[in-house]
Amino acid sequence: MKYFFKICCLCAMGMYLSQCTSTPKKLPIYGEREAVKKIINGLETVDTVYQTIPNFSFLNQDSILINSDSLKNKIYVADFFFTSCPSICPIMKSQMLRAYQKFKNNNEVKFLSHTIDPKHDSIAVLKKFSDKLGVNPKQWYFLYGDKNTVYNLAKNSYMSSTFEDRAAPGGIVHSGYFILVDKNKRIRGAYDGTNEEQVSQMIEDMQALLNEYQTK
Amino acid sequence: MRKNLVRFCFLATLIALLFNACVNEQSVKYTRYFTDGAQLYTNNCQNCHSSKGEGLAQLIPPLTDTVFLRKNRTQLACIVQYGLADSITIHNKIYHFKMPSNQNLAPIDLAKLLTFVTNSFGNQQGLYDIAEVENNLKNCR
């Protein structure tokens, strides 16, 4: 009983302190970075250039071309899946759906699901999948593209070396990660799409990321 | 007279005890099936049908249609074992996506799994015995 009281006191103190010190959360920036020297007004300054997602163009479930311009001024979450996948994909999709419902109709937020099985997942199949999932094709894009292009994009851009140590068996592309990308196309978070807690964290981080742009 | 009464009481108690033991054995079996079935569900079904049996939108059907599960009780073992290629109507909604087969599951696993499923998510059908599974598997469509 005595201990219980002590623990309660400590908890209360901890909560009080954490409230005092809380500052608006800023998400880390992942990926490679390099320092670039620039001359501004005759003075040499050092600027950090972060890794970004390169431009791409794929067709979505409505056969509309989606590229970097379509994602201008948007934050987005990307994942890699295939519709006939029986193992981790359904749970990823149900978790992604949870995030989608939180940010539904938010014009600044998009969702991208790249198929890694274009042989089976034609645009028609993706369209059907998206309809059955009941999502708005203007906010959640199911993207169809050449297998090698998609794999390279996944491996070299989204799942950069930063995440390599977290690779799941079966290759990084199949790892079930959700990647959070900001308006400057920089990677700001990676979450296990099969883990409910991590996806809840992602939803919080998405809000934090949106807040970053509001204060500016 | 009194001796008879004592004898009667003794016999009645014995019968009651035996009966009770029998019932208990059934309920112990049910509990064992159900518990093992829950584990099998987590390993084989949960990714798609979710931990609450809700399924996923209109892609993966929920397991909460008690009427369907009762009406199609004899087909359940076949569906789990061999999967589904054609569409299925659950809660008046049609689901088209293919269900994969589970050839790795033995009849005893199917019995445990189905005991769990038919007594969870709002269903209440009691024990799904291994004999019933073996019998139903002979009549797969």
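Going by the structure above, here's the rest.
Rules of the game
- Residues numbered from 1 in each chain as written.
- Chains lettered and ligands numbered in written order.
- Predicted model: local features only at pLDDT ≥ 70, side-chain atom pairs only at ≥ 80, totals over all residues.
- Helix = DSSP H or I, 4+ residues; strand = E, 2+ residues; numbered from the N terminus.
- Buried ≥ 20, exposed ≤ 12 C-beta atoms within 10 Å, placed from the backbone.
- Contact = placed C-beta atoms within 7 Å.
- Nonpolar A, V, L, I, M, F, W, Y, C, P; charged D, E, K, R; others polar.
- Arc of directions from axis to C-beta.
- Pairing = 2+ DSSP bridges.
- Axes fitted to C-alpha atoms, helices over the stretch in contact; angles between N-to-C directions.

Draft legend 1. Quick peek at the overall build of chain A. Within chain A, the secondary structure is distributed over five helices and nine strands. For chain A, the sequential pattern of α-helices and β-strands runs α-β-β-β-β-β-α-β-α-β-α-β-β-α. Classification of the 216 residues of chain A by burial places 32% in the buried group. Look at the contacts in chain A between residues 6 or more apart in sequence, and 64% of them connect residues 24 or more apart.

Draft legend 2. Just unusual backbone geometry, in detail. In this structure, Lys185(A) takes a positive phi of about 65 degrees despite not being glycine. Looking at where Lys185(A) falls in the secondary structure, it is placed in the loop between β8 (177–181) and β9 (187–192). Notably, Ala57(B) is not glycine yet its phi reads approximately 40 degrees, a positive angle. Looking at the element boundaries, Ala57(B) is found in the loop between α2 (46–49) and α3 (66–71).

Draft legend 3. Representation of the interface of chain B and chain A. Counting from both sides, the interface comprises nine residues of chain B and, opposite them, twelve residues of chain A. Per-class residue counts for the side of chain B that touches chain A are six nonpolar, three polar and no charged.

Draft legend 4. Representation of the environment of Ile75(A) within the structure. Residues and elements named next belong to chain A. Its location among the elements puts Ile75 in strand β5 (residues 75–81). Looking at Ile75, the number of C-beta atoms within 10 Å reads 22, which means it is buried. For Ile75 and Asn107, which are 32 residues apart along the polypeptide, the C-alpha to C-alpha distance reads 9.6 Å. Residues contacting Ile75, with those up to four places away along its chain left out, are Glu108, Val109, Val181, Asp182, Lys183, Met206, Leu209 and Leu210.

Draft legend 5. Representation of helix α3 (residues 123–133) of chain A in the model. Residues and elements named next belong to chain A. Taken residue by residue, α3 has Leu126, Phe129 and Ser130 as its buried positions. For α3, the angular spread of the buried residues around the axis is 95 degrees, confining them to a single face. Those residues of α3 that are buried are in contact with β6 (109–115) and β7 (140–143). In the stretch just after α3, Gly134 is the one whose phi turns positive, near 75 degrees.

Draft legend 6. Focus on the sheet that holds β6(A). Residues and elements named next belong to chain A. In space, the five strands of this open sheet follow the order β7-β6-β5-β8-β9, with mixed pairing throughout. Looking along the sheet, the strands with just one partner apiece sit at the ends: β7 and β9. Taken over all neighbouring pairs, the strand axes of this sheet differ in orientation by 20 degrees on average, direction set aside. With seven bridges connecting them, β5 and β6 associate as parallel partners. Its bridge partner lying in β6, Ala78 is registered against Leu112.

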